[in-house]
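# Structural overview
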Amino acid sequence: MSWITFPATSFMPIQATEIAKEVDLLYAFLIVSSLVSFVILIGGMTWFLVKYKRTSVDQKSAYITHNNFAEFLWSFIPLLILLGIFYWGMVIFEKLRVPPEEVAAEIHVTAEQWAWTYTYANGKEFYSAGEDPLIVPAGKPTKLILTSKDVIHSFFVPAFRAKQDAVPGKFTQLWFEPKEPGEFIVFCTEYCGTKHSGMMIKIKAIPADDYAAWFHAEKKGAETPADKGKTLFAQKACASCHSLDGSRIVGPSMKGLFGNSRKFADGSSANADENYLRESILVSSAKIVEGYPPAMPVFQGQLSDEEVNNLIEYIKTIK
Ligand code: CUA
């Protein structure tokens, strides 16, 4: 594919996000500090070899058993450096993993052998084995909600230094904020079968205004995932147990559910995110909300992944 281009002169791919710069700085520090350690260790060893070489058979060796202070220093100083590197990495890791509260675009991305499907909140959907780019706004955060239809795939954007597995049966997420408009290659980085190495798409970041215009120029009659979820919610008679206005029927109300903290009968608690909703829809007995009976039927095997997605997107809109 001709669009795969890396600047030939650079050591790393282009830095298309702010976080990419931070990742590279840490990486450069690791390389330089490894090099310095190497020189000190191997250089010192070589120097001692030459300096203390035994030159005659009857030469007495100056044998030292140990030196507490030196041993303390060569353990403690590296410990401090490693703890510093750990903390530095942890700060960047958290920035990479935790999306901002408000994102400009939230897109469902579903992997399968050997293509990606992007579903936008307005119902636009693209199945792409390399042709259609994933369109996102530039200069604004985008959050992807990933899953897979078959085996584990992995969504990797080198220019953003961002990578996340797409796992069948659960949701994972990835966020990024491209600084400028541009096109960025996406690799699948989990071996997933014959055409794994060809499972490439690109992300096309366009100016935020253009994105908004593109997003709102809907196909006529296109139902959004939330619309489809609403229909399904009615078809499955969910409303006979779950109110939409906060009132109590048999089960907990759907009002303001998404993103809220839930307390369970066994004393544990969790945030009502996509994975929680998915589990509760399919196997409701996994987590029983405190104060409610375990009365909901099991929907495992009765709803497709897409239907579960649509229900979740609908529940998100009940605020
Ligand atoms: Cu999909 Cu490798």
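Residues numbered from 1 in each chain as written. Predicted model: local features only at pLDDT ≥ 70, side-chain atom pairs only at ≥ 80, totals over all residues. Heavy atoms only, no water.

## Focus: the packing of aromatic side chains
To be explicit about the condition: Stacked, tilted and edge-to-face are the three classes assigned to paired rings of Phe, Tyr and Trp, where Trp is represented by its six-membered ring and a pair needs centres within 6.5 Å; plane angles under 30 degrees give stacked, over 60 edge-to-face, the rest tilted. Helix and strand labels come from DSSP, where a helix needs a run of H or I of at least four residues and a strand needs a run of E of at least two; each type is numbered from the N terminus. A positively charged side chain is recorded as over a ring if its NZ (Lys) or CZ (Arg) lies within 6 Å of the ring centre. The angle to the ring normal must also be within 35 degrees.
On inspection of all chains with the given rule, the structure shows 15 aromatic pairs. Plain terms: the ring middles of Phe29 and Trp88 are 5.2 Å apart, the flat faces sit at 55° to each other, and that makes the pair tilted. Residue Phe29 is found in helix α1 (residues 18-51), and its partner Trp88 is found in helix α2 (residues 68-97); the two are separated by 59 residues along the sequence. Grouped by ring-pair contacts, the aromatic residues Tyr118, Tyr120, Phe126, Tyr211, Trp214 and Phe215 constitute a single cluster. Across the ring face of Trp214, the terminal group of Lys124 is positioned such that the distance to the ring centre comes to 4.9 Å. Here the basic side chain of Arg248 rests over the ring of Tyr292, its NZ or CZ set 4.1 Å away from the ring centre.

## Quick notes on α1
The cut-off we apply is this: A helix's residues, less one, multiplied by 1.5 Å, set its expected span. Relative accessibility thresholds used throughout: buried, under 20% of the residue-type maximum; exposed, over 50%; partly exposed, between the two (1.4 Å probe, protein chains only). We call two residues in contact when some of their heavy atoms are within 4.5 Å.
Counted at 1.5 Å a residue, the expected span for α1 with its 34 residues is 50 Å, and the 49 Å between its end C-alpha atoms agrees. Listed in full, the buried residues belonging to α1 are Ile19, Ala20, Asp24 and Leu26. On its buried face, α1 is in contact with α2 and β8 (172-176).

## A look at the UniProt feature "transmembrane region" (unreviewed entry) in the chain
To be explicit about the condition: UniProt positions are given in the numbering used here, feature names are shortened, and annotations may be inferred rather than shown by experiment.
In this structure's numbering, the residues bearing the UniProt feature "transmembrane region" (unreviewed entry) are residues 26-50 and 71-90. Along residues 26-50 the backbone is 100% helical and 0% strand, and the end-to-end C-alpha distance reaches 36 Å.

## Examining the domain arrangement of the chain
This is how it is decided: Note that the domain bounds reflect an automated or database-derived domain assignment. Summed over both partners, the accessible area (1.4 Å probe) lost when two parts come together is defined as the buried area. Any Lys or Arg side-chain nitrogen found within 4 Å of a carboxyl oxygen on Asp or Glu counts as a salt bridge. N or O atoms within 3.5 Å of each other form a polar contact, as long as, within protein, one can give a hydrogen and the other can take it, and as long as residues adjacent in sequence are counted only when both atoms are side-chain atoms.
Along its sequence, the chain is organised into domain 1 (1-48 + 69-222) and domain 2 (225-317). Of note, the centres of domain 1 and domain 2, computed from C-alpha atoms alone, are 31 Å apart. Listed as interface residues are 13 residues of domain 1 and, on the opposing side, nine residues of domain 2. Interface area, domain 1 with domain 2, both sides summed: about 950 Å², of which 47% is carbon and sulfur. In terms of surface lost to domain 2, no three residues of domain 1 exceed His108, Gly169 and Phe171, which account for 50% of the buried area on that side. Remark: the boundary between domain 1 and domain 2 carries one salt bridge. Between the two partners, domain 1 and domain 2, sit four residue pairs in polar contact (both at pLDDT 80 or more). Elements with a contribution of two residues or more to the side of domain 1 that touches domain 2: β1 (105-112) and β5 (142-148).

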